[in-house]
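Structure at a glance
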Amino acid sequence: MGRSTMIFASAGAAALAVGLAAAPLLAQPAGAGGGSGGGGPARYDMRAGTVSGVGAQGGGGGMGMMFGGGGGGNAVQHELLLRLGSGRAADRGAPKADHFMPPAAQLGRSVQLVSPREERGVDELPQRPKGRMLIYWGCGEHAPKGQPVVIDFSRLAAGQVPPGLWTTTIVRDWGPTAQNSRSFARWPAEDGKYVRSDSSLPGPHKISSNFAPEISFTLANDFMQPLRSRTMNLPGGAKNLMWSGIPLATGYLATLFGGQMNDRGDMGDMVMWSSSATRQFGGGLADWLSPGQVAALVRDRTVLPPTATSCTIPAEVIRDAGQFRMGTLTAFGPEEDFAYPPRPAGARAWNPEWTARIRHRSTTSWMDMAGMEGMSGMGGQGGRYSRDDDEGDAPPPRNCTPRRGGLGGMLGGLGGLGGGGRNGC
């Protein structure tokens, strides 16, 4: 197979593997996140992320980087996702809201949340894959006895997600949705704005809408620092993943996907690995977890502790992953919560007019392709940027080319595993 053929065949393998990884992660059951269309307090949800490396390159993501695009391995981007829901009907017209932020956010006087045309969830595989999925988990030079678990796609109905593939113990929580709110609005929207790599969040925030009371709070935490990671090959075939710990991290989770191809470039076996010692993948584990949730997951060894700075990917994973490998590392971060009126001390009954929650995380990723190590552009380091597929089509920065198809588009879908939007800028 020629070099260019290998590149595009590997891209196809990447698209299928990433699509498989992302598909069930974009769905959220109706009613998730609390509240209902029948009333209750207005609920505001902010998700603030930092992404570095491959996906933060701008103008093409992974493939653009491999063909000479991108801006180097130290690129950093921020992501900001806003959602407001309530049990009230909008006063006039469609639900809409304005979020007024500190000047350091560099988003103008306000950003406008709007009611989406639709909220799409994905609960099927994007296409019927061929071959098998080999599932590994846990850190160590060699996979423990009993691994991998093998899923044969030829034995599954078209589009069927294998039962037990994704964790069901951690519910994915996006807070307000169109399904669990009578009125709902979100941002990014069609206002032509986007959060910048030098945007800052601390300070006063106010949300005014036509379907909820005015919400105001003062944030103390800014976007988390970027993750920097590197990998090192070990003599026995394993690969050591190392990173510098960052302040405010509550725990870390690493994942890796890989793919095998035959001489015709057809996708064969795929490999999925997680640093979890309890075989946990996807679902809410790929989301924005609270410090309380992460602390419990650290105790049962699903998430690595905040003191961790390395994890060895077993030799069997590297061997079976074949020509294409993509890894992601997530640092879960702090949460700030607000309500009005505040809960009285010792009170059993409490009926706030509104609640607000702000969650943080930082993600990075890397890409390995056999025979193309020198084209990674990261020296073994990497990062990623995307947003949840439910976030609409916010226009990208002027210096960014949206990833809407091919491998770039599929990389955006990997947001379910380590970052989160459709434009990927």
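Computed from a predicted model, the values in this text were never measured in an experiment.

Digging into the nonpolar core
Of all hydrophobic cores here, the largest spans 28 residues; its most connected members are Y44, L80, L82, L84 and F217. Considering each element in turn, this core owes the most residues, four residues, to strand β1 (residues 42–53). Of all hydrophobic cores here, the second largest spans 24 residues; its members include Y252, L304, A321 and A331.

Let's talk about the packing of aromatic side chains
As enumerated under the stated definition, the model contains two aromatic pairs in all. Ring centres of F217 and F338 lie 5.0 Å apart, and the angle between their planes is 15°; on these two criteria the pair is classed as stacked. Here F217, found in strand β9 (residues 215–219), pairs with F338, found in strand β15 (residues 324–340); they are 121 residues apart in sequence, far enough to count as distant. Among the residues examined, F217 registers a relative accessible area of 5% and is labelled buried. With a centroid separation of 5.4 Å and 45° between ring planes, the pair formed by W243 and Y252 is classed as tilted. Residues W243 and Y252 agree in their burial class; the two are buried. Over the face of the ring belonging to F100 we find K206, whose NZ or CZ atom lies 5.1 Å from the ring centre.

A word on the pairing of strand β8 (residues 203–209)
The pairing of strand β3 (residues 96–100) with β8 spans four bridges and is antiparallel. Residue pairing across strands places F100 opposite K206, the latter belonging to β8. Two successive antiparallel strands, β8 and β9, enclose a turn made up of five residues.

With respect to the sheet that holds strand β11 (residues 239–243)
Pairing is antiparallel across the open sheet formed by three strands, whose spatial order is β10-β11-β14. Every other strand in the sheet has two partners, leaving β10 (229–233) and β14 (310–313) as the edge strands with one partner each. Put simply, the sheet's adjacent strands are angled 20° from each other on average, direction ignored. Looking at chain direction, β10 and β11 are connected through five bridges and run antiparallel. Bridging from a neighbouring strand, S229 pairs with W243 of β11.

A closer look at the confidence of the model for the protein
For the protein, per-residue confidence averages 75 on the pLDDT scale, and 65% of positions sit at 70 or higher. Below pLDDT 50 for its whole length, residues 1–38 participates in 103 contacts with residues either more than four positions away or in separate chains. Residue range residues 122–126 is modelled with pLDDT below 50. Its contacts to residues more than four positions away, or to other chains, number 19 contacts.

What to know about the pattern of salt bridges
With the rule as written, the count across this model stands at seven salt bridges. R359 is the partner of D45 in a salt bridge, and the nearest nitrogen-oxygen pair spans 3.1 Å. Taken together, the residues span a long stretch of sequence, with D45 in strand β1 and R359 in strand β16 (residues 354–369) at a distance of 314 residues. The buried category is assigned to D45, whose relative accessible area is 1%. For R359, a relative accessible area of 2% corresponds to the buried category. Among the ionic pairs, D173 bridges to R357, the shortest N-O distance being 2.7 Å. You can see D173 sitting in the loop between β6 (149–152) and β7 (183–187) and its partner R357 sitting in strand β16, a full 184 residues away along the chain. Overlapping salt bridges bring together D45, R47, D173, R357 and R359 as one network.

About the cut-offs
Residues numbered from 1 in each chain as written. Predicted model: local features only at pLDDT ≥ 70, side-chain atom pairs only at ≥ 80, totals over all residues. Heavy atoms only, no water. Core = buried A, V, L, I, M, F, W, Y, C linked by side-chain atoms within 4.5 Å. Buried < 20%, exposed > 50% of the residue type's maximum accessible area, 1.4 Å probe, protein only. Helix = DSSP H or I, 4+ residues; strand = E, 2+ residues; numbered from the N terminus. Phe/Tyr/Trp six-rings, centres within 6.5 Å; stacked < 30°, edge-to-face > 60°. Lys NZ or Arg CZ within 6 Å of the ring centre and 35° of its normal. Pairing = 2+ DSSP bridges. Axes fitted to C-alpha atoms, helices over the stretch in contact; angles between N-to-C directions. pLDDT = per-residue confidence, 0-100. Contact = heavy atoms within 4.5 Å. Salt bridge = Lys/Arg side-chain N within 4 Å of Asp/Glu carboxyl O.

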